[in-house]
Amino acid sequence: MFIPVTFAGWGIALPERRLTNADLEAQVDTTDEWIVSRSGIRERRVAGPDESTATLGIDAGMAAIKHAGLTPDDIDLLVLATATPEMVVPSTSSIVHDGIGLRCGAFDVNAACSGFAYGYVTAAALMNTGMYRSVLLIGAEALTRIIDPQDRATVVLFGDGAAACVLQRHDDTSPSAPGVLAWDLGCDGSAWSILNVPAGGTRLPASAETVANRGHYLKMEGQEVYKRAVRAVVGTVEKTLAQAGVTAADVDVFVPHQANIRIIEAAIKRFGFPTNKTVINLDRFGNTSSASIPLAMFEAADQGRIKPGDLVLIAGFGAGMTWASALIRWGAKA
Ligand code: UT7
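These numbers come from a predicted model, not from an experiment.

Procedures and definitions
In this convention, every chain numbers its residues from 1, walking through the sequence in written order. Restriction of local features to residues with pLDDT of at least 70 applies here, the model being predicted, together with a cutoff of 80 or more for giving and counting side-chain atom pairs; totals for whole chains, interfaces and linings are based on all residues. Only hydrogens and water are set aside when side-chain values are computed; all heavy atoms of the structure are taken into account. Domain start and stop positions are those given by an automatic or database domain assignment. Every residue pair with non-hydrogen atoms within 4.5 Å of one another is taken to be in contact. Buried area: the sum, over both parts, of the accessible surface (1.4 Å probe) that disappears when the two are put together. Salt-bridge detection follows one rule: a side-chain nitrogen of Lys or Arg within 4 Å of a carboxyl oxygen of Asp or Glu. A run of H or I in DSSP counts as a helix once it spans at least four residues, and a run of E counts as a strand once it spans at least two, with each numbered from the N terminus. Under the scheme applied here, ten amino acids are nonpolar (Ala, Val, Leu, Ile, Met, Phe, Trp, Tyr, Cys and Pro), four are charged (Asp, Glu, Lys and Arg), and all others, including Gly, are polar. By convention in these notes, a residue is near a molecule or strand provided one of its non-hydrogen atoms lies within 4 Å of it. Any N or O atom pair separated by 3.5 Å or less is treated as a polar contact, with the protein-specific requirement of one donor-capable and one acceptor-capable atom, and with residues adjacent in sequence counted only for side-chain atom pairs. In short, Shrake-Rupley with a 1.4 Å probe defines the accessible areas, and a residue's cover is counted only from the protein chains shown. Method remark: on a 1 Å grid restricted to protein atoms, a set of points is classed as a cavity if a 1.4 Å probe fits but cannot get out and as a pocket if it is open with protein on both sides within 12 Å along at least five of seven lines; lining residues have an atom within 4 Å of a point. A cavity or pocket is said to hold a molecule if more than half of that molecule's atoms lie within 2 Å of its grid points. With axes taken as lines fitted to C-alpha atoms, and helix axes fitted only over the stretch in contact, angles between N-to-C directions fall between 0 and 180 degrees. Should an angle lie under 35 degrees it is considered roughly parallel, over 145 roughly antiparallel, and from 65 to 115 roughly perpendicular; all remaining angles are considered oblique. Left-handed describes a crossing whose near helix is turned anticlockwise from the far helix by less than a right angle; the clockwise case is right-handed. Grid points are joined across faces, edges and corners, and a volume is the space filled by probe spheres set on the points.

## With respect to the domain arrangement of the protein chain
By a frequent convention, interface size equals the accessible area lost on bringing the separate parts together.
Part 1: Domain annotation of the protein chain identifies domain 1 (5-169) and domain 2 (179-329).
Part 2: Relative placement of domain 1 and domain 2: their C-alpha centres are 14 Å apart.
Part 3: On the domain 2 side, the residues contacting the 50 residues of domain 1 number 45 residues.
Part 4: Between domain 1 and domain 2 lies a buried interface of about 3,700 Å² when both sides are counted; carbon and sulfur atoms form 67% of it.
Part 5: At the junction of domain 1 and domain 2, the tally comes to 1 salt bridge.
Part 6: Within the residue set of the side of domain 1 that touches domain 2, elements represented by two or more residues are strand S1 (5-13), helix H2 (32-39), strand S3 (43-45), helix H5 (115-128), strand S6 (134-142), helix H6 (152-155) and strand S7 (160-169).
Part 7: The leading source of residues in the side of domain 1 that touches domain 2 is H5, at 7 residues.
Part 8: Classifying every residue of the side of domain 1 that touches domain 2 gives 30 nonpolar, 11 polar and 9 charged.

## Describing the site of the ligand
Part 1: Around the ligand, the surrounding shell holds 23 residues, and the nearest of these are Thr30, Arg38, Arg152, Gln223 and Asn260.
Part 2: Contact between the ligand and arginine 38: an oxygen atom at 2.7 Å from a side-chain N or O atom of the residue.
Part 3: A distance of 2.6 Å is found between an oxygen atom of the ligand and a side-chain nitrogen or oxygen belonging to asparagine 260.
Part 4: Contact with the protein chains removes 74% of the 950 Å² of surface that the ligand exposes when unbound.
Part 5: Cavity membership is defined here by more than half of the atoms lying within 2 Å of grid points; on that basis the ligand lies in the second largest pocket.
Part 6: At 4 residues, helix H8 (residues 222-244) tops the list of elements feeding residues into the shell around the ligand.
Part 7: For the shell around the ligand, the class distribution of residues is 13 nonpolar, 6 polar and 4 charged.
Part 8: Residues from two domains meet in the shell around the ligand; each of domain 1 (5-169) and domain 2 (179-329) gives at least three.

## A closer look at the packing of helix H3 (residues 53-67) against helix H4 (residues 92-100)
Part 1: Relative to each other, H3 and H4 sit at 50°, their axes nearing to 9 Å. Relative to H4, the element H3 is oriented oblique. As for the relative orientation of H3 and H4, their crossing is right-handed in sense. The residues of H4 that touch H3, namely those facing Thr53, Ala54, Gly57, Ile58, Gly61, Met62 and Ile65, are Thr92, Ile95, Val96, Gly99 and Ile100.
Part 2: Class assignment for the residues of the contact of H3 with H4 results in 7 nonpolar, 5 polar and no charged.

## A few points about the layout of surface pockets
Part 1: Here the largest pocket defines a volume of roughly 1,200 Å³.
Part 2: For the largest pocket, the lining is made up of 37 residues, of which Ala83, Pro85, Asn110, Ile146 and Val197 are closest to its centre.
Part 3: Grouping the constituent residues of the lining of the largest pocket by class yields 20 nonpolar, 13 polar and 4 charged.
Part 4: Split by domain, the residues of the lining of the largest pocket number at least three in each of domain 1 (5-169) and domain 2 (179-329).
Part 5: As a volume, the second largest pocket reaches approximately 560 Å³.
Part 6: In terms of lining, the second largest pocket is formed by 26 residues, of which the most central are Trp34, Leu157, Met220, Gly222 and Asn260.
Part 7: Where the lining of the second largest pocket is concerned, the elements lending two or more residues are H2, H6, H8, helix H9 (261-270) and strand S12 (311-318).
Part 8: Counting residues per element, the lining of the second largest pocket draws most heavily on H8, which supplies 4 residues.

What follows is the structure, given as structure tokens:
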């Protein structure tokens, strides 16, 4: 099903502080060589004391509204994807709504690293009802706040950041019109335990014991996630391409979730996609979960790597396990 929505504007927000592999060598038992060869990551950004998921989301959201040439009053709905909420209650979108000065509905989407793609499809589907013209979609994360600084298996992978866009509905439904052509949303809930933060929710509320047991930090079975991630990306991409009636050769730019260069390379090899058409920025930002796809996509757009009319494929996977992909025909900025 084609939905005529375009990216009217976008913006990103990154903390100033860079955490390099050399910094991590001084923090845990690791080496730059191990991190680069196993993940491709060289540095990541870390939120400062006055920054959080909401402040990054507000900054990215305001930049996107400005880039679209709009004001907060023009936004009809806020959809915010995050796996690192500002608080348990209320939703992070409420706090971002306040910070930007919006006057519309707002809700969070938590599909971990698939969050931006889930949020994009949700926003597009709601816009397709005709009720919303301009939707602000934000992917924002402060992952370093839930990473154990002593766990070398995770501390090297994750970073903080946010990226936002204003999605706008239009009326052009001709074959070359910009919009979303096809998508796939998936989940294998039976694998929820391979990537989770055990404490702080209703199952295991915060207590002195959960803190002592480091239960508020992310736990990951890396190899299991890795294996499933490659399968998930390949599977979801195949479904979306088939649904759109195109092949990998028709795709101009692939923007995968930026988790690990080896996962990306294994996936594109399986569906025969060239590396030079694949956007990779994980070397500079690490895995920023919900922010990773939009950070990569909007950076590529700013660099002129994505042009009007291009077929852009996004694909994410993450805790849950969730996965999601969408095929987008890029449109000129409104
Ligand atoms: O958005 C989804 C989020 N998660 C992911 O995408 C993660 C997916 N998984 C991965 O990317 C990879 O599994 C990792 C990068 C996490 C790990 O790579 P790997 O090739 O699967 O390594 P491994 O877990 O099999 O560990 C190999 C060795 C182990 O030592 P032993 O048991 O062989 O002695 C680890 O203890 O590497 C050790 N190790 C490290 N060594 C140096 C684990 N982390 C580190 C480290 N530095 N940072």
